[in-house]
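This is what each chain is made of:
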Amino acid sequence: MARHDSGFPGGIDEAEPRLDRAQIAQAALDLLDEQGFDAFSMRKLAVALDIKSPSLYWHVRSKDELFDLLIDVVVGKCPLPADAGRPWAERLVGIGLELRQVLLAHPAVTRLLPGRVPFGPNGLRLADHIIGILRQSGFDNRLAGYGYLLLLFYVVGFAGQEIAFGKGPANHARLTQITDFLRDLPADRYPHLTAVADELTARPGLTHRFELGLVGILSELDRQRLE
């Protein structure tokens, strides 16, 4: 850090450059994307921002507050198109697919979601948008609230499991490993599991399975709406 020569012994530190939370969040997100959750620390973040560690706490009071901010930044990357002319279920499937892709793109941050309520400004906007689609499509408040929670929990859980298997080439290798393991199980002990071993990891891939599950959730919501 540059120093100001005031003429006094030792000089006086210059005031540290002003930062905003957006800059801090972007730097933290870059670190997490590059190095992963386990390697992340506030000290490393301070180094990346070229400031002293205590200065971070003028902007975020704790690591937990930083993590809540990062979750909101990532959730905010999910587009919410104003496509009111499309059927409600099609719109929600689209949001689910977009949110899944956003979470897969930031696996370290996705690991932070379980146990946290994504109610920053972007999370609130997402919740209001989803609930609004349902309420405007004839769902009562109870089912509209259920629909939001079910969609959120399903997407976060599904994406979390995908991340656990690895991304990109690592994902394919992991699925191949699982297939080989299942094929080698004794068929007399696990007759049904071995019978579907190839199907569990076959193409079409996880996007197809994801959409199948999400459509099933929305179909049941619709059935209850019409009762």
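Residues numbered from 1 in each chain as written. Predicted model: local features only at pLDDT ≥ 70, side-chain atom pairs only at ≥ 80, totals over all residues. Heavy atoms only, no water.

Counted by the stated rule, this structure contains one cavity of 30 Å³ or more. Empty space within the largest cavity amounts to approximately 40 Å³. Every residue along the wall of the largest cavity is listed here: Val 75, Leu 99, Leu 103, Leu 113, Pro 118, Leu 126, Leu 152 and Val 156. Elements with a contribution of two residues or more to the lining of the largest cavity: α5 (88-105) and α8 (141-164). Of the residues belonging to the lining of the largest cavity, the class tally is eight nonpolar, no polar and no charged. (1 Å grid on protein atoms, 1.4 Å probe; cavity = no way out; pocket = protein on both sides within 12 Å on 5 of 7 lines; lining within 4 Å. Points joined across faces, edges and corners; volume = space filled by probe spheres on them. Helix = DSSP H or I, 4+ residues; strand = E, 2+ residues; numbered from the N terminus. Nonpolar A, V, L, I, M, F, W, Y, C, P; charged D, E, K, R; others polar.)

Chain-level pLDDT for the protein chain is 87 on average; 90% of the residues reach the 70-or-more range. The low-confidence segment residues 1-17 (pLDDT under 50) makes 20 contacts with residues lying over four places distant or belonging to another chain. (pLDDT = per-residue confidence, 0-100. Contact = heavy atoms within 4.5 Å.)

An α-helical turn contains 3.6 residues, so any two residues separated by three or four positions project in the same direction. Taking 1.5 Å of rise per residue, the 13 residues of helix α4 (residues 63-75) would be expected to cover 18 Å, and the 18 Å separating its terminal C-alpha atoms lies within 8% of that figure. Within α4, burial applies to Glu 65, Leu 66, Phe 67, Leu 69, Leu 70, Ile 71, Asp 72, Val 74 and Val 75. Lining the buried residues of α4 we find α1 (21-35), α2 (42-49), α5, α6 (107-110) and α7 (121-135). (Expected span 1.5 Å × (residues − 1). Buried < 20%, exposed > 50% of the residue type's maximum accessible area, 1.4 Å probe, protein only.)

Take the packing of α4 against α7 next. Taken N-terminus to C-terminus, the directions of α4 and α7 make an angle of 45 degrees; their axes are 7 Å apart at the nearest point. By the angle class used here, α4 and α7 are oblique. The segment α4 lies against α7, with Asp 72, Val 73 and Val 75 engaging Pro 121, Asn 122, Gly 123 and Leu 126. Tallied by class, the residues present in the contact of α4 with α7 amount to four nonpolar, two polar and one charged. (Axes fitted to C-alpha atoms, helices over the stretch in contact; angles between N-to-C directions. Parallel < 35°, antiparallel > 145°, perpendicular 65-115°, else oblique.)

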